[in-house]
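Coordinates in review
Letter by letter, the chains look like this.
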Amino acid sequence: MAIIKNVLGENLSLCCSSPVTGFYRDGFCQTGDRDLGVHVICAEVTDEFLAYTKSQGNDLGTPAPMFSFPGLKAGDRWCLCASRWKEALEAGVAPPVNLTATHEAALKIVSLDQLQQHSI
């Protein structure tokens, strides 16, 4: 099994286990061929971000029991799509990022500098 790296070149850390996040629902912001959204940025969501993403058609605040999704509230950590985080950055509402739990694939979409400016 390959070692999965974060944006700092270290082993990828757990993002969150309550609620359980990640494309593979294992708590890690891992990605693979089936993850078309590239859910690789471990962010601590804010009310501003949740309002923004809802306005863009992705309501992360409302529970969706059929997908075992509890709904998020400010302070929860969640693996976000790198492109949505970048959109939020450009809109001025990017949530803080846990660099040790953000997959290196994020660097294909955003820069390390941008992530570091928003690190927890």
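Reference entry: report on the structure contained in this document.

Thresholds, definitions, all that
Residues numbered from 1 in each chain as written. Predicted model: local features only at pLDDT ≥ 70, side-chain atom pairs only at ≥ 80, totals over all residues. Heavy atoms only, no water. Buried < 20%, exposed > 50% of the residue type's maximum accessible area, 1.4 Å probe, protein only. Helix = DSSP H or I, 4+ residues; strand = E, 2+ residues; numbered from the N terminus. Pairing = 2+ DSSP bridges. Disulfide = S-S within 2.5 Å. Salt bridge = Lys/Arg side-chain N within 4 Å of Asp/Glu carboxyl O. Arc of directions from axis to C-beta. Contact = heavy atoms within 4.5 Å. Polar contact = N/O pair within 3.5 Å; in protein donor to acceptor, adjacent residues only side chain to side chain.

**Considerations on the pairing of strand E2 (residues 77–81)**
In terms of burial, E2 is a largely internal element, four of the five residues being buried. Bridge analysis of strand E1 (residues 39–44) against E2 gives five bridges, and the strand direction is antiparallel. Within E2, the residue paired with Cys42 across the bridge is Cys79.

**Structural notes on the state of the cysteines**
Enumeration over the complete set of coordinates arrives at two disulfides. Bridging Cys15 to Cys42, the disulfide has an S-S length of 2.1 Å. Between Cys15 and Cys42 the sulfur-sulfur dihedral comes to about 85°; the bridge is accordingly right-handed. Of this pair, Cys15 sits in the segment before E1 while Cys42 sits in strand E1, placing them 27 residues apart in sequence.

**Some details on the pattern of salt bridges**
Applying the stated criterion across every chain, the model contains three salt bridges. With its nearest N and O atoms 3.2 Å apart, the salt bridge here joins Asp76 to Lys73. You can call Asp76 buried: its relative accessible area is 10%. Since its relative accessible area comes to 55%, Lys73 is described here as exposed. For the salt bridge of Arg84 with Glu87, the shortest nitrogen-to-oxygen distance reads 2.8 Å. Highlighted residues: Arg84 and Glu87, both in helix H2 (residues 82–90), separated by three residues, approximately one helical turn. A relative accessible area of 16% means that Arg84 is categorised as buried.

**Re helix H1 (residues 47–55)**
Within H1, burial applies to Phe49, Leu50, Tyr52 and Thr53. Angularly, the buried residues of H1 cover 165° about the axis, an arc narrow enough to put them on a single face. Among the exposed residues of H1, those pointing more than 90 degrees away from its buried face are Asp47, Glu48, Lys54 and Ser55. Those residues of H1 hidden inside the fold are in contact with E2 and H2. Just downstream of H1 lies Gly57, where phi reads positive at about 95°.

**A few points about the side chain of Asn6**
Position of Asn6 among the secondary structure elements: in the segment before E1. Looking at Asn6, its side chain comes within polar contact range of the main-chain oxygen of Asn11, at 3.4 Å. In this structure the side chain of Asn6 is engaged in a polar contact, spanning 3.1 Å, whose partner is the backbone oxygen of Thr100. Dropping the residues within four chain positions of it, Asn6 is found in contact with Asn11, Leu12, Leu99, Thr100, Thr102, His103 and Glu104.

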